[in-house]
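Listed below, chain by chain, are the residues.
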Amino acid sequence: MVEDPTQMLQLKIKGNVITQIEEQLKRWKEHFEEVLNRPPATNPPNIEGRQVLNIKTGNITKTKVNAAIKQLNNEKAAGIDNIPPEAIKAMDNICFDKLHQLLNKIWNDEHIPEDWRKEILVKLQKKGDKSICSN
């Protein structure tokens, strides 16, 4: 069940309760930046010479697109585009052809649309005080 962000729980920072939605969102942003952003390696390995791999880089085939669509799991949450997997699986041939063309354009141009880089992050709390971000 997706909760309405306007009905967020009160959050605590060092014992102080945050009730303003903007401040709660700011705190969640800070929390996930701390948790998910890691510093670069202090002593990365020195990798000499790169091997050229023989990888087929032609267009994406309709068979590959169809196989990827079949692998989508039903009853999963839609992404930021709000399109559930069931809707993608139910596409007719015209929509499928347009999707195939779009994927090949993206592949050949080597440019992923900015909207595709966005994501939705949902924290599912399983234990502890829900007013503390780290629980």
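Peer 1: In this structure, what is going on with unusual backbone geometry? I would like to understand it.
Peer 2: With phi around 65°, Asn82 is a residue other than glycine that occupies positive phi space. Turning to its location among the elements, Asn82 is positioned in the loop between α2 (62-70) and α3 (85-89). Owing to a relative accessible area of 62%, Asn82 belongs among the exposed residues under this scheme. Here Glu110, not a glycine, exhibits a phi torsion of approximately 55°, which is positive. Mapping Glu110 onto the fold places it in the segment after α4 (93-109). In this structure Glu110 comes out as exposed when scored by relative accessible area, which is 72%.

Peer 1: Where do I start with the layout of surface pockets in this structure?
Peer 2: A water-sized probe rolled over the atoms picks out the places where empty space is left. Estimates place the volume of the second largest pocket at around 350 Å³. For the second largest pocket, the full set of lining residues is Gly79, Ile80, Asp81, Ile83, Ile88, Met91, Leu99, Leu103, Asp115, Trp116 and Lys118. Each residue belonging to the lining of the second largest pocket can be placed in one class, and the counts come to 7 nonpolar, 1 polar and 3 charged.

Calculation criteria
Residues numbered from 1 in each chain as written. Predicted model: local features only at pLDDT ≥ 70, side-chain atom pairs only at ≥ 80, totals over all residues. Heavy atoms only, no water. Helix = DSSP H or I, 4+ residues; strand = E, 2+ residues; numbered from the N terminus. Buried < 20%, exposed > 50% of the residue type's maximum accessible area, 1.4 Å probe, protein only. 1 Å grid on protein atoms, 1.4 Å probe; cavity = no way out; pocket = protein on both sides within 12 Å on 5 of 7 lines; lining within 4 Å. Points joined across faces, edges and corners; volume = space filled by probe spheres on them. Nonpolar A, V, L, I, M, F, W, Y, C, P; charged D, E, K, R; others polar.

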